[in-house]
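Breakdown of the fold
Next come the chains, spelled out residue by residue.
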Amino acid sequence: MGYDCVVCAKQVPDTKRITGEAMTEEGTVNRAALPAIFNPEDLNALEQALSIRDAHGGTVTLITMGLPAASEILREGLYRGVDRAILITDQRAAASDTLATSYILSCAIRKLSYDIVLCGRQAIDGDTAQVGPQLAEKLSLPVITYMEELISLEGKTIRVRRNIGNGYQVVEADLPVLLTVTEAANTPRPPMVKKIMKYKKARSKSEVEQEVKNLLQGDFENYAAELEAQQVEQICSELKEKGLLIEQWNLDDIDADLNWCGRDGSPTKVHRIESVVLTGSEYKEIPPTEEGINQLVAELIEDHTIG
Ligand SMILES: Cc1cc2nc3c(=O)[nH]c(=O)nc-3n(C[C@H](O)[C@H](O)[C@H](O)COP(=O)(O)OP(=O)(O)OC[C@H]3O[C@@H](n4cnc5c(N)ncnc54)[C@H](O)[C@@H]3O)c2cc1C
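Predicted model only: the values in this text are computed from it and were never measured. (Residues numbered from 1 in each chain as written. Predicted model: local features only at pLDDT ≥ 70, side-chain atom pairs only at ≥ 80, totals over all residues. Heavy atoms only, no water.)

Description of the site of the ligand
Near the ligand you find 28 residues, and of these C8, K10, D42, S96 and T128 are the closest. Within the backbone of S96, one N or O atom sits 2.6 Å away from an oxygen atom of the ligand. For the ligand, the accessible surface in isolation is 950 Å², of which the surrounding protein chains cover 79%. Listed by contribution, the elements that provide at least two residues to the shell around the ligand are β4 (58-65), α3 (98-110) and β6 (116-120). (Near = heavy atom within 4 Å. Polar contact = N/O pair within 3.5 Å; in protein donor to acceptor, adjacent residues only side chain to side chain. Areas by Shrake-Rupley, 256 points an atom, 1.4 Å probe, with all protein chains shown as cover. Helix = DSSP H or I, 4+ residues; strand = E, 2+ residues; numbered from the N terminus.)

What about a nonpolar patch on the surface?
On the surface, I286, I293, L296, V297, I301 and I306 cluster together into a nonpolar patch covering about 420 Å² of accessible area. Relative to the helices and strands, L296 resides in helix α8 (residues 290-302). (Patch = residues over 30% accessible without salt bridge, like charges linked within 9 Å, V, L, I, M, F, W, Y side chains within 5 Å. Salt bridge = Lys/Arg side-chain N within 4 Å of Asp/Glu carboxyl O.)

Observations concerning the packing of aromatic side chains
In this structure the tally under the stated criterion is one aromatic pair. Seen from their ring centres, Y103 and W260 are 6.1 Å apart, and the 40° between their planes marks the pair as tilted. Here Y103, found in helix α3, pairs with W260, found in the loop between β12 (245-249) and α8; they are 157 residues apart in sequence, far enough to count as distant. Given the relative accessible area of 15%, Y103 is considered buried. Over the face of the ring belonging to Y168 we find R161, whose NZ or CZ atom lies 4.0 Å from the ring centre. (Phe/Tyr/Trp six-rings, centres within 6.5 Å; stacked < 30°, edge-to-face > 60°. Buried < 20%, exposed > 50% of the residue type's maximum accessible area, 1.4 Å probe, protein only. Lys NZ or Arg CZ within 6 Å of the ring centre and 35° of its normal.)

Things to note about α8
Compared with an ideal rise of 1.5 Å per residue, which puts 13 residues at 18 Å, α8 spans 18 Å between its outermost C-alpha atoms and is within 8% of the ideal. Note on α8: the residue one or two positions beyond its end, H304, has a positive phi of about 65°. (Expected span 1.5 Å × (residues − 1).)

Some details on the sheet that holds strand β7 (residues 143-154)
Reading across the sheet, the 10 strands line up as β9-β8-β7-β10-β6-β1-β4-β5-β12-β11 and stay open at both edges, with mixed pairing between neighbours. Each edge of the open sheet carries a strand with a single partner, namely β9 (168-174) and β11 (203-204). Where β11 lies against β12, two bridges are found, and the strand directions are parallel. Pairing of R203 across the sheet is with L245, part of β12. Seen against the sheet, helix α2 (residues 71-80) touches β4, β5 (84-88), β11 and β12 and runs at an angle of roughly 165° to β4. Most of the contacts of helix α4 (residues 131-138) go to strand β10 (residues 177-181), to which it runs at about 180°, and overall it touches β1 (3-8), β6, β7 and β10. (Pairing = 2+ DSSP bridges. Contact = heavy atoms within 4.5 Å. Axes fitted to C-alpha atoms, helices over the stretch in contact; angles between N-to-C directions.)

Re the pattern of salt bridges
Tallied over the entire structure, the rule returns 19 salt bridges. Among the ionic pairs, D125 bridges to K10, the shortest N-O distance being 2.9 Å. Residue D125 is found in the loop between β6 and α4, and its partner K10 is found in the loop between β1 and β2 (11-13); the two are separated by 115 residues along the sequence. We note a salt bridge from E148 to R161, for which the minimum N-O separation is 2.9 Å. Separated by 13 residues along the polypeptide, E148 in strand β7 and R161 in strand β8 (residues 157-163) bring together distant segments of the chain.

Observations concerning the domain arrangement of the chain
Split by domain assignment, the chain resolves into domain 1 (3-202 + 245-260) and domain 2 (206-242). In this structure, domain 1 and domain 2 have C-alpha centres spaced 30 Å apart. Contacts between the two partners involve nine residues from domain 1, matched on the other side by five residues from domain 2. When domain 1 packs against domain 2, the two sides together hide about 570 Å² of surface, and 53% of this comes from carbon and sulfur. When the buried surface of domain 1 facing domain 2 is broken down by residue, P68, L245 and Q248 rank first, second and third, together holding 69% of it. Across the domain 1-domain 2 interface, the total number found is one salt bridge. The shortest N-O distance in the salt bridge between R75 and E207 comes to 2.9 Å. Where domain 1 packs against domain 2, one counts three residue pairs in polar contact (both at pLDDT 80 or more). (Domains from an automatic or database assignment. Buried area = accessible area lost by both parts, 1.4 Å probe.)

Right under this line is the structure:
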């Protein structure tokens with residue numbers, strides 16, 4: 001039997017490349033100065049979904065919520081072989097915290113057919129690891145977090161090995177289920193050259209709008225809006241005909257209640273942001289002998305680290 005998989009992926013700034021310019025004077029991330037990438041563990045979630053499709057058949061749908069530029073990771077998904085890619089973008093979703101983000105994603109997923117919803121364990125910028133479990137709660141799905149291996153998938157039952165820090169658990173659940181996938185689960189497949197050739201020109205409507213706006217900038221002040229709209233419609237219908245129009249949904253398309261989206265739907269309040277600079281201080285090497293360990297324990301008791 002085939003399985004319908006929905007993968008949630010986030011476009012994130014590449015935090016490995018944080019340099020002086022990548023931080024603003026207030027100590028926040030200057031997103032414009034950092035390359036934007038496919039959140040690494042979301043690539044593991046995508047790989048998991050693709051290998052389920054390879055083994056059992058079914059479909060893989062990739063969704064992301066973000067700015068129009070997030071279409072880039074949807075193209076990357078198409079290069080790797082997803083069947084469908086959907087951008088959820090809407091200015092009314094700006095300033096969404098994890099609760100609002102998971103609500104919006106849940107509204108979108110309800111519009112799709114799914115047996116397995118896959119998220120990365122964690123996004124490398126927000127770093128909360130909250131969205132997957134919150135999404136499962138909103139969809140009333142069982143959730144298996146920290147997945148490091150798919151042990152079996154038979155009929156409506158899935159068995160997964162999950163990391164618990166100092167060991168592992170094997171967990172069984174009935175479908176539909178939500179998994180949050182770690183980097184240990186697999187090695188993401190590379191993009192396929194044929195698919196790159198096919199989808200490199202795929203665009204979402206908001207990208208087309210931006211491109212047309214840039215082209216017409218400064219021209220025909222008075223009737224630019226009308227001309228713009230016509231051009232956008234024409235380019236979008238040509239892309240659609242060729243199967244190159246990336247689907248785009250706004251909050252109305254997914255019947256989202258606006259009270260639960262954006263700033264209104266976000267109870268998290270950021271009071272202060274601090275830059276924490278970690279500096280090295282003195283260290284002591286403990287010899288791996290019984291005497292060394294005894295000495296370490298005695299010192300830890302003495303300074304009340306352990307009692
Ligand atoms: C008060 C407040 C205001 C904010 N305002 C903004 C803002 O204006 N613009 C902005 O970009 N961010 C904003 N954020 C950040 C935003 O809330 C988080 O980036 C988002 O909720 C995801 O949380 P996370 O990064 O901790 O993801 P995690 O919970 O660590 O992500 C886990 C997994 O969930 C999935 N996932 C997470 N986010 C998405 C997504 N967007 N699309 C698809 N799948 C996803 C991925 O599979 C990911 O691996 C704001 C946060 C707060 C607290």
